[in-house]
Structures are given as C-alpha cells and as structure tokens.
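# Summary of structural features
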Amino acid sequence: MRFAQIIVGPAGSGKSTYCSFMQQHAMDAKRNIQVVNLDPAAEHFTYSPLADIRELIHLDDAMEDEELQYGPNGGLIFCLEFLIENQDWLKAQLCGGEDELMVGEPDDDYILFDMPGQIELFTHLKMGKQLVQLLESWNFRTCVVFCLDSQFMVDGAKFISGTMAALSVMANMEQAHVNVLTKVDLLSSEARKQLEMYLEPDAHNLMGELTIGSSFGEKYRKLTEAIGSLIEDFR
Ligand SMILES: Nc1nc2c(ncn2[C@@H]2O[C@H](COP(=O)(O)OP(=O)(O)OP(=O)(O)O)[C@@H](O)[C@H]2O)c(=O)[nH]1
C-alpha cells in the first residue's frame with residue numbers, strides 16, 4: 001500500500017512550506033516522505049522534488065504558444081489537463097517505468113503532491129478528481145490536505161468564507177479531508193485567542209457576529225443562517 005496527500009489551498013497559503021516541513025519532520029523521525037511538484041507555474045520551493053511537472057510542461061509553454069495564447073489561469077488548467085492526458089509520464093516517475101510490465105510495485109511510499117493555488121481546480125473542475133483516480137489505480141490511498149492561512153479565521157465573515165472554500169473542495173473531491181491552519185506564528189496574541197473560538201465554532205454566536213450591527217448582515221440574515229447550518233452539518 002502507498003500513501004498520498006494532495007496539498008491544496010489558496011495561492012500563498014503555505015502549501016510548499018507545509019511540504020518542506022513535513023519532509024524534514026519525516027527525515028528527523030527516520031522516515032521517508034517524498035514531494036512531487038504539480039504546480040507548472042512554481043518558481044521556487046525548498047524541497048527537492050521526486051518529480052516536477054515543469055519537466056513535462058511549464059505554464060509559459062501554454063501562455064507563449066502562438067496558437068493557444070492562454071492567460072495564466074486558462075494556461076494552468078491546460079497544463080493540468082495535459083498532465084492527465086500524459087499520465088504515463090507521471091506513472092513513470094511514481095512507478096518506475098512506462099511499460100505496464102516494467103512497472104514495479106513500490107510499497108510504503110508516502111508522497112505529498114504540491115498543487116497549484118487555483119482552488120477552482122478542486123472546487124468544480126475535474127482534474128483534481130482525475131488525479132486521485134489515477135493515484136488510486138496505482139495503489140495509493142489518498143487524502144486531501146487543505147491549507148488555509150489562519151488570518152482568514154479571525155473574524156466571522158472570513159471564517160465563513162474560508163470554511164466554505166474548504167467545504168467546496170471536500171464535496172467535489174469526495175476524499176478524506178484534513179484542514180491545516182498555516183501561519184499561526186504570525187497572529188497577534190489577541191488574534192490567537194480569537195482563533196481558539198473558531199476552532200470549535202458555535203454557529204449561532206458566529207451568525208450573531210455577522211448579522212448584528214450592519215444593514216448588509218440584517219438583510220442577508222436568513223442566508224447567513226442557512227450557511228451556518230450547512231457548515232454545522234458537515235462538522
Ligand atoms: N511565518 C510563516 N510563514 C509562512 C508559513 N507558511 C508559509 N509561509 C510563508 O508564506 C509564503 C507563501 O508560502 P508558500 O509555501 O510558498 O505558499 P504556497 O501555498 O505554496 O504558494 P503558491 O504555490 O504560490 O500558491 C512564503 O513566504 C512562506 O515562507 C507559516 O506557517 N509561517
């Protein structure tokens with residue numbers, strides 16, 4: 001059995017940093033965790049990847065192609081589609097050979113997949129799911145790790161927004177899902193205390209915070225309450 005974490009989250013939320021620290025932590029514990037970079041626009045990261053999508057296709061390839069002429073977001077989607085179409089490349093990196101007969105059966109691998117920060121790839125497009133299906137067919141057990149900047153968890157409106165983003169990924173990917181709060185070290189002591197409140201949130205208190213004292217909050221009270229119940233149901 002092999003294991004994989006699909007590391008997703010908004011741009012700059014700390015995905016690559018998480019991968020580096022996890023790999024270092026594993027090394028300290030005399031275990032082996034490998035990282036695969038699947039962000040075709042990545043500029044630098046501090047781990048040395050087992051495989052790097054930029055060797056297959058770089059975002060610039062899609063953006064600078066005279067026929068394709070993609071912008072950054074369309075180009076990124078194209079690159080991930082290209083990866084799925086050229087799955088033999090990834091299989092060769094992970095399984096050691098392109099020929100079905102030559103594919104080894106590595107065991108006990110633990111691989112982190114560092115994904116791009118465009119979360120639409122995981123909230124409603126199909127590439128994230130297709131990647132998981134491929135990994136499962138190569139004997140991986142997968143889970144999704146959603147990185148969220150903790151600064152998005154220190155007031156009611158940001159909490160709702162961040163939680164809904166995580167929930168969209170969870171509903172679309174249909175995988176075991178772990179949320180990781182990053183950059184907690186950057187929070188002030190007051191913000192850290194507030195954060196505690198959001199770790200075990202009481203939906204009714206949060207709704208009060210959002211609806212009282214603003215005309216927007218009053219107007220959309222019912223909608224906010226419905227969103228609160230939805231989040232509560234998925235907890
Ligand atoms: N202080 C602090 N900085 C962090 C932490 N996690 C990430 N950073 C910093 O935040 C910035 C973005 O981190 P990355 O790991 O590159 O984020 P990313 O999600 O991989 O970014 P993209 O691939 O561009 O979406 C870097 O400057 C990191 O050093 C953290 O827990 N604490």
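Anyway, here's the lowdown on the structure attached to this text. (Residues numbered from 1 in each chain as written. Predicted model: local features only at pLDDT ≥ 70, side-chain atom pairs only at ≥ 80, totals over all residues. Heavy atoms only, no water.)

## Some details on the overall build of the protein chain
Formally: The helix and strand labels rest on DSSP assignments: H or I over at least four residues marks a helix, E over at least two residues marks a strand, and numbering proceeds from the N terminus. With a 1.4 Å probe rolled over the protein chains alone, any residue whose accessible area is under 20% of its type maximum counts as buried; one over 50% counts as exposed, and the rest are partly exposed. In this description, contact between two residues means that some pair of their heavy atoms is separated by no more than 4.5 Å. By the counting rule applied here, Lys and Arg register as positive and Asp and Glu as negative, while His and the ends of each chain are not counted. For this purpose, a charge sits on NZ of Lys, CZ of Arg, CG of Asp or CD of Glu.
Secondary structure assignment for the protein chain yields eleven helices and six strands. Once the C-alpha set of the protein chain is aligned to its principal axes, its extents read approximately 65 × 50 × 30 Å. Out of the 235 residues belonging to the protein chain, those deemed buried represent 43%. When contacts within the protein chain are restricted to residue pairs at least 6 apart in sequence, those whose partners lie at least 24 apart make up 68%. Mean positive and mean negative side-chain charge positions of the protein chain (17 and 37 charges, respectively) differ by 9 Å.

## Quick notes on the site of the ligand
As a reminder, the rule being used: A single heavy atom is enough: if one lies within 4 Å of a molecule or strand, its residue is considered near that molecule or strand. Polar contacts here mean pairs of N or O atoms no more than 3.5 Å apart (in protein, one a potential hydrogen donor and the other a potential acceptor; neighbouring residues in sequence count only if both atoms are side-chain atoms). To measure how exposed things are, a 1.4 Å probe is used in the Shrake-Rupley method; for residues, cover is taken only from the protein chains shown. Residues are grouped as follows: Ala, Val, Leu, Ile, Met, Phe, Trp, Tyr, Cys and Pro are nonpolar; Asp, Glu, Lys and Arg are charged; all remaining types, including Gly, are polar.
Taken together, 13 residues surround the ligand, and among them Gly-14, Lys-15, Ser-16, Thr-17 and Asp-185 come closest. Between Gly-12 and the ligand, the recorded distance is 3.0 Å, taken from a backbone N or O atom to an oxygen atom. Taking Ser-16, its side chain carries an N or O atom lying 2.9 Å from an oxygen atom of the ligand. Notes on the ligand: free accessible area 650 Å², of which the protein chains cover 60%. Class assignment of the residues belonging to the shell around the ligand gives a composition of three nonpolar, six polar and four charged.

## Quick word on the sheet that holds strand β1 (residues 2-8)
Working definition: the strands of a sheet are paired by backbone hydrogen bonds and lie parallel or antiparallel to each other. Note the threshold: When DSSP finds at least two bridges between two strands, those strands are taken to pair.
One open sheet holds the six strands; their spatial order is β3-β2-β4-β1-β5-β6, and the pairing between them is parallel. Where the open sheet ends on each side, the last strands, each with one partner, are β3 (51-52) and β6 (176-182). As paired elements, strand β2 (residues 34-37) and β3 share two bridges and run parallel to each other. When the bridges of β3 are listed, Asn-37 appears paired with Asp-52.

## Some points on helix α8 (residues 189-199)
Filter applied, for reference: Taking the helix axis as origin, the arc is that swept by the directions to the C-beta atoms.
Residues of α8 that are buried include every one of Ala-191, Leu-195 and Tyr-198, and no others. Looking down the long axis of α8, one finds its buried residues gathered within 55° of arc, a one-sided arrangement. The exposed set on the far side of α8, more than 90 degrees from its buried face, consists of Ser-189, Glu-190, Lys-193 and Glu-196.

## Notes on the pairing of β6
What counts here: Classification remark: right-handed applies to a crossover when, strands pointing away from the viewer, the course from the first strand over the helix to the second runs clockwise.
Across seven bridges, strand β5 (residues 140-149) lies against β6 in parallel orientation. Each residue of the ladder has a partner; that of Phe-146, found in β6, is Asn-179. Note that the unit made of β5, helix α7 (residues 156-173) and β6 has a crossover that is right-handed.

## A closer look at the packing of helix α3 (residues 72-85) against helix α4 (residues 87-95)
Note the cut-off: Simply put, an axis is a line fit to the C-alpha atoms, just over the touching stretch for a helix, and the angle between two N-to-C directions goes from 0 to 180 degrees. An angle below 35 degrees is treated as roughly parallel, one above 145 as roughly antiparallel, one from 65 to 115 as roughly perpendicular, and anything else as oblique.
For the pair α3 and α4, the least separation of the axes is 4 Å and the interaxial angle reads 70°. As judged from the angle between their axes, α3 and α4 are roughly perpendicular. Judged by residue contacts, Leu-83, Ile-84 and Glu-85 of α3 engage Gln-87, Trp-89 and Leu-90 from α4.

## Remarks on the packing of α7 against helix α11 (residues 221-234)
Heads up, the condition is: The crossing is said to be left-handed when, going from far helix to near helix, the turn is anticlockwise and less than a right angle, and right-handed when the turn is clockwise.
Running from N to C, α7 and α11 point in directions that differ by 50°, and their axes come no closer than 11 Å. With respect to α11, the axis of α7 lies oblique. Pair α7 / α11 crosses with left-handed handedness. Residues Ile-160, Thr-163, Met-164, Leu-167 and Met-170 of α7 form the contact with α11, whose own contacting residues are Ile-227, Leu-230, Ile-231 and Phe-234. In terms of residue class, the contact of α7 with α11 is built from eight nonpolar, one polar and no charged.

## Regarding the pattern of salt bridges
Put simply, the test is: Salt bridges are defined by distance alone: a side-chain nitrogen of Lys or Arg within 4 Å of a carboxyl oxygen of Asp or Glu.
Enumeration over the complete set of coordinates arrives at four salt bridges. Two residues, Arg-2 and Asp-109, come together in a salt bridge whose shortest N-O distance is 2.7 Å. Placement of Arg-2 in strand β1 and of Asp-109 in the loop between α4 and β4 (110-114) is noted, with a sequence separation of 107 residues between them. We note a salt bridge from Asp-149 to Lys-183, for which the minimum N-O separation is 3.7 Å. Placement of Asp-149 in strand β5 and of Lys-183 in the loop between β6 and α8 is noted, with a sequence separation of 34 residues between them. On the basis of relative accessible area, Asp-149 is assigned to the buried category, the value being 11%.

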